[in-house]
Amino acid sequence: MVASPLFEKVALIGLGLIGSSLARVIKREGLAGEVIGCARSEKTLATALELGFVDRVEADAAKAVEDADFVVICTPIGAYKAIAEAIAPHLKKGAILSDVGSVKETVLRDLGPLVPEGVHFVPTHPVAGTEHSGPEAGFDGLFEGRWCVLTPMTGTAPEAIERVAELWRRAGSQVEIMDAAHHDKVMAITSHLPHLIAYTIVGTATDLEESERAEIVKFSASGFRDFTRIAASDPVMWRDIFLNNQSAVLEMLGRFTEDLTALQRAIRWGDGQTLEELFARTRAIRRSIIDARQA
Ligand code: NAP
């Protein structure tokens, strides 16, 4: 059964993995009367129409948001400010402006002051994704069973927050409201540092001598393969995440480097007990992730 629409007109700016997945689920669940898609390239706009997850496309973001009661920025974070400046004068009074960026404190800091009086700003982060990007990569089940974190500023109208929360619940997610700085710290260790480590390992392997490099692909199933999947994620999106979550990532990286040095020492001194104790503790974390159905 299709539920009643939550919004009359939704404008999605950015139609890649996240934007197109959101569009698909909005269509599937009948959450909006009309879905307008906006992206940079003609190719993405044409693909969106062809795949049918939007009703209409608009190359100009300012035109796309006209009369929309829900606007979601779904581009890499580096593009946010220019987009916000372009659309701000065209946002309808009473509209909700949102985003799906993986970092939240700088988004609040940079976009907050640009949001016009009478427009509700409800930033979100759907904690769901794959290493693929672009409009073809999206699918309507992406958010199913995942968390969506909302980081509204104090003073935001509760009805606007609830409407956005309801959208994500209908997309299959569980919703949590969190302080932006806390969100960024949690993501620094659960998402951003793992990506940095994967990028580093794959980079180190790529720089090896020719003879060793040839063996990497052949024997990748021994562990390396899992890092290459993460390290295949979109370079621009990840550049922007590290530039925007600088302090939290550097703090976690400092802790990580200390722990790595301790392991280095344990290996050098043949301290098997230290190694085994750590590996036993980390195995338990994996089990708890499986139990929480986040595997
Ligand atoms: P993506 O697949 O690379 O898609 C990005 C989209 O943004 C493309 O449609 C691109 O248009 C459009 N775009 C880029 N610059 C633009 C501009 N200046 N004006 C209009 N459109 C522009 O990226 P994604 O994976 O969906 O990520 C989007 C956002 O979601 C990021 O902020 C990211 O932090 C967040 N996020 C990502 C994941 C994940 O796992 N990927 C998970 C949670 C949150 P063209 O196609 O025309 O170039």
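Residues numbered from 1 in each chain as written. Predicted model: local features only at pLDDT ≥ 70, side-chain atom pairs only at ≥ 80, totals over all residues. Heavy atoms only, no water.

Here we take up unusual backbone geometry. A positive phi angle is found at D67, which is not glycine, with a value near 70°. Looking at the element boundaries, D67 is found in the loop between α3 (61-64) and β4 (70-73). Classification of D67 by relative accessible area gives exposed; the value is 54%. (Helix = DSSP H or I, 4+ residues; strand = E, 2+ residues; numbered from the N terminus. Buried < 20%, exposed > 50% of the residue type's maximum accessible area, 1.4 Å probe, protein only.)

What follows concerns the nonpolar core. Core analysis: the biggest nonpolar cluster contains 39 residues, and L12, L22, F143, L167 and W168 have the highest contact counts within it. Beyond its immediate sequence surroundings of up to four residues, L167 is in contact with L6, F7, L22, I26, L31 and F70. One finds A64, I83, V103 and W238 within the second-largest nonpolar core, a separate group that totals 31 residues. (Core = buried A, V, L, I, M, F, W, Y, C linked by side-chain atoms within 4.5 Å. Contact = heavy atoms within 4.5 Å.)

Strand order in this open sheet of 8 strands is β3-β2-β1-β4-β5-β6-β7-β8, and the pairing throughout is mixed. The open sheet has two edge strands with one neighbour each: β3 (56-57) and β8 (174-177). Sheet analysis places β4 next to strand β5 (residues 96-99), joined by 4 bridges and oriented parallel. Bridge pairing links I73 to D99 in β5. Here helix α6 (residues 158-170) sits on the sheet in contact with β1 (7-13), β4, β5, β6 (120-127), β7 (147-150) and β8, set at roughly 25° to β6. (Pairing = 2+ DSSP bridges. Axes fitted to C-alpha atoms, helices over the stretch in contact; angles between N-to-C directions.)

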